[in-house]
Amino acid sequence: MRKEEALKRINQVIQADKSVMSEACKALVIKDFAEKFNEYFDLTSLPKMEITCTNGVYAVEVSFEAERIKKFNVLK
């Protein structure tokens, strides 16, 4: 049982280590999102991003508020 617990703990440490994103990196990603979203919306603030990692799979949630959706045409 001890070996299984040790392996489980090692896996948790590895997963926690992989899920760390520095604040500088997160700020850069949010800035990039804001630039892209501004092509389609008039944002009222910067987007917010939450990242969680479960069993090596990342779930990324991005949310933002906008005061208007910009009109655009889809080219065919």
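From a predicted model like this one, the values you see are computed outputs, not experimental measurements.

Colleague: Please clarify how the confidence of the model for the protein should be interpreted in this entry.
Modeller: In low-pLDDT regions, the fine details of the predicted coordinates are not to be read closely. For the protein, the mean per-residue pLDDT works out to 85, and 88% of the residues sit at or above 70. Across the protein, strand 1 (residues 41-43) holds the top mean pLDDT of 97, while helix 1 (residues 2-18) sits lowest at 72.

Colleague: Honestly, the pattern of salt bridges in this entry has me stumped. Any pointers?
Modeller: Counting across every chain of the model gives 4 salt bridges. Salt-bridge contacts for E35 lead to K31; the nearest nitrogen and oxygen are separated by 3.2 Å. Linking E35 with K31, this pair stays in helix 2 (residues 23-37), spanning 4 residues, or about one helical turn. Residue E35 is classed as partly exposed on the basis of its relative accessible area, which comes to 46%. Notably, a salt bridge pairs K36 with E39, separated by 3.2 Å at the nearest N-O pair. With relative accessibility at 43%, the residue K36 sits in the partly exposed group. Given the relative accessible area of 46%, E39 is considered partly exposed. Look at the salt bridges and you will find they share partners, linking D42, R68 and K70 into a network.

Conventions we followed
- Within any chain, residue numbers begin from 1 and follow the written order of that chain's sequence.
- Two thresholds apply to this predicted model, a pLDDT of at least 70 for residue-level local features and 80 or more for giving and counting side-chain atom pairs, whereas whole-chain, interface and lining totals are computed over all residues.
- Working from all heavy atoms in the structure, the side-chain values ignore hydrogens and water.
- pLDDT is a residue-level measure of predictor confidence that goes from 0 to 100.
- Numbering of helices and strands runs from the N terminus, with a helix taken as a DSSP run of H or I at least four residues long and a strand as a DSSP run of E at least two residues long.
- Each salt bridge in this description consists of a side-chain nitrogen of Lys or Arg and a carboxyl oxygen of Asp or Glu lying within 4 Å of one another.
- Working definition: with a 1.4 Å probe on protein chains only, accessible area under 20% of the residue-type maximum means buried, over 50% means exposed, and in between means partly exposed.

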